[in-house]
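# Structural features, examined
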2 protein chains.
Amino acid sequence: MPSNPTRRETLTDAGLRVLAAHGARHLTHRATDREAGVPLGTTVNYFSTRTALLAGLGHRIFERLAPAPAEVPPPGTAPAAAYIHAIVRRTTEQPDLTLALFELRLEAARHPELARALTSTLERSYAQDVTFHSQAGLPGGAREVALLHYAVDGLLLDLLTVSINGRHDTAEMVELLVRRLLPPT
Amino acid sequence: MPSNPTRRETLTDAGLRVLAAHGARHLTHRATDREAGVPLGTTVNYFSTRTALLAGLGHRIFERLAPAPAEVPPPGTAPAAAYIHAIVRRTTEQPDLTLALFELRLEAARHPELARALTSTLERSYAQDVTFHSQAGLPGGAREVALLHYAVDGLLLDLLTVSINGRHDTAEMVELLVRRLLPPT
């Protein structure tokens, strides 16, 4: 398998644009080649099956959503709300990534092989979040990270697709979720 | 437009099975006819466009997720956690409905006309939840209903697709979400 990392990023970024703009039904090796502007057959050289391609997109989403080093607050000083605000900002500024992740999760519900690959990506990311949470001295632990994760996923679904209530007060909602879901310090 | 309500339910239920099992890409009038076991052309008689069909599916999801009258606790006596447990049980027992709703919301992110129809369905359902919440004497109001909605949507995504953490302790998670997101009585 070829291993040019830059080319790999070009291809997965193109695949994510296809996935977000047109849905899983249009995500093929050829559509990815076309979107990336590379010769037909390039994507299949890097990802031999559709499942491998979808799993690669899942992996790439988390690479791109990872905060830049400067954005990670030093341990012990991060107010939890600012941290979650930053996550919501980062994800809503790149709506394609989050929409593509929702698409991948639904596709995984129908495809056990993709489910295995995506589960391992999600579990790794969750473990990193738990480590970060603890190193940053935020109140609560793994359980609270899961609660926040559910709530933020649901909020993002509301912000990026259709809203249950006209999306009023996103900042206030984030504030409340953090204040209530984390135990008092 | 024909208006046989039973036939309409047969068709939308068939469409929801297609949507959950195969994703939005396979949801067509013909696939719905086949799944429902009715003559080709029946679905298009009831839903003249693909958007009308998808909007009809969204409407049907909420009809089917509505609690049976016996399940609605009498005002003032419902512990909030039992109510949310019942929602999670009702939705996870019918995973097709919730998966189909996620598919519809993602499809709506790409199709403004579907977004308008689905928004009106979601907003109506949210307004009913707010009314129920208040009539049942549960603590908090519209804001708390939204917070719970986000968190439960994210939890269901985790339960029905791929999980961030192996889905341990769903009952405990529900308990915690309710206890923390609703203000103390």
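Residues numbered from 1 in each chain as written. Chains lettered and ligands numbered in written order. Predicted model: local features only at pLDDT ≥ 70, side-chain atom pairs only at ≥ 80, totals over all residues. Heavy atoms only, no water.

### Topic: the relation of the copies chain A and chain B
For the pair chain A and chain B, the best superposition has an RMSD of 0.0 Å and corresponds to a rotation of 180 degrees with a translation of 0.0 Å parallel to the axis. Put plainly, the chains are arranged around a two-fold axis. Nearest to the rotation axis, the C-alpha of Ala 151 of chain A is located 1.9 Å from it, this being the minimum over chain A. Both copies share a contact surface, since 100% of the interface residues of chain A are interface residues in chain B too. (Least-squares fit on C-alpha atoms with pLDDT ≥ 70 in both. Contact = heavy atoms within 4.5 Å.)

### Focus on helix H9 (residues 170–181) of chain A
Across its 12 residues, H9 of chain A extends 16 Å between first and last C-alpha, which sits within 8% of the 16 Å expected from 1.5 Å per residue. Every buried residue belonging to H9 of chain A is among Met 173, Val 174, Leu 176, Leu 177, Val 178, Arg 180 and Leu 181 of chain A, and all of these are buried. Lining the buried residues of H9 of chain A we find helix H5 (80–93) and helix H8 (142–160) of chain A together with helix H8 (142–160) and helix H9 (170–181) of chain B. (Helix = DSSP H or I, 4+ residues; strand = E, 2+ residues; numbered from the N terminus. Expected span 1.5 Å × (residues − 1). Buried < 20%, exposed > 50% of the residue type's maximum accessible area, 1.4 Å probe, protein only.)

### A look at the packing of H8 of chain A against H9 of chain A
Any two packed helices are characterised by how steeply their axes cross, that is the angle between the axes, and by the distance between the axes. All names here are of chain A. Where H8 contacts H9, the axes come no closer than 10 Å and their chain directions differ by 165 degrees. The angle between H8 and H9 falls in the class roughly antiparallel. As for how H8 packs across H9, the hand of that crossing is right-handed. Within the contact between the two elements, H8 uses Glu 144, Leu 147, Leu 148, Ala 151, Leu 155 and Leu 159 and H9 uses Thr 170, Val 174, Leu 177, Val 178 and Leu 181. In the contact of H8 with H9, the residues fall into nine nonpolar, one polar and one charged. (Axes fitted to C-alpha atoms, helices over the stretch in contact; angles between N-to-C directions. Parallel < 35°, antiparallel > 145°, perpendicular 65-115°, else oblique. Left-handed = near helix turned anticlockwise from the far one by under 90°. Nonpolar A, V, L, I, M, F, W, Y, C, P; charged D, E, K, R; others polar.)

### Brief notes about the UniProt feature "DNA-binding region" (unreviewed entry) in chain A
According to UniProt, the positions carrying the feature "DNA-binding region" (unreviewed entry) are residues 28–47 of chain A. Counting secondary structure, residues 28–47 of chain A comes out at 65% helix and 0% strand; the distance between its end C-alpha atoms is 11 Å. (UniProt positions renumbered as here; feature names shortened; annotations may be inferred.)

### Overview of the side chain of Thr 43 of chain B
All names here are of chain B. Along the chain, Thr 43 falls in helix H3 (residues 42–46). Judged by relative accessible area, which is 0%, Thr 43 ranks as buried. Within polar-contact distance, the side chain of Thr 43 engages the side chain of Asp 33 at 2.5 Å. If near-sequence neighbours (up to four positions away) are discounted, Thr 43 is found in contact with Leu 11, His 29, Thr 32, Asp 33 and Leu 53. (Polar contact = N/O pair within 3.5 Å; in protein donor to acceptor, adjacent residues only side chain to side chain.)

### A short note on the interface of chain A and chain B
Residue-level contacts link 49 residues of chain A with 49 residues of chain B. Interface area, chain A with chain B, both sides summed: about 4400 Å², of which 64% is carbon and sulfur. Looking at the side of chain A facing chain B, the largest losses of area belong to Tyr 150, Ile 164 and Arg 180 of chain A, adding up to 20% of the total buried there. The interface formed by chain A and chain B holds 10 salt bridges in total. Residue Asp 158 of chain A pairs with Arg 105 of chain B through a salt bridge whose shortest N-O separation is 3.6 Å. Applying the counting criterion to the chain A and chain B interface returns 14 residue pairs in polar contact (both at pLDDT 80 or more). Mapped by element, the contributors of at least two residues to the side of chain A that touches chain B are helix H1 (5–22), helix H6 (95–110), helix H7 (112–135), H8 and H9 of chain A. (Buried area = accessible area lost by both parts, 1.4 Å probe. Salt bridge = Lys/Arg side-chain N within 4 Å of Asp/Glu carboxyl O.)

### With respect to the UniProt feature "domain: HTH tetR-type" (unreviewed entry) in chain A
UniProt feature "domain: HTH tetR-type" (unreviewed entry): in the numbering of this structure it lies at residues 5–65 of chain A. The distance separating the terminal C-alpha atoms of residues 5–65 of chain A is 18 Å; by composition the span is 77% helix and 0% strand.

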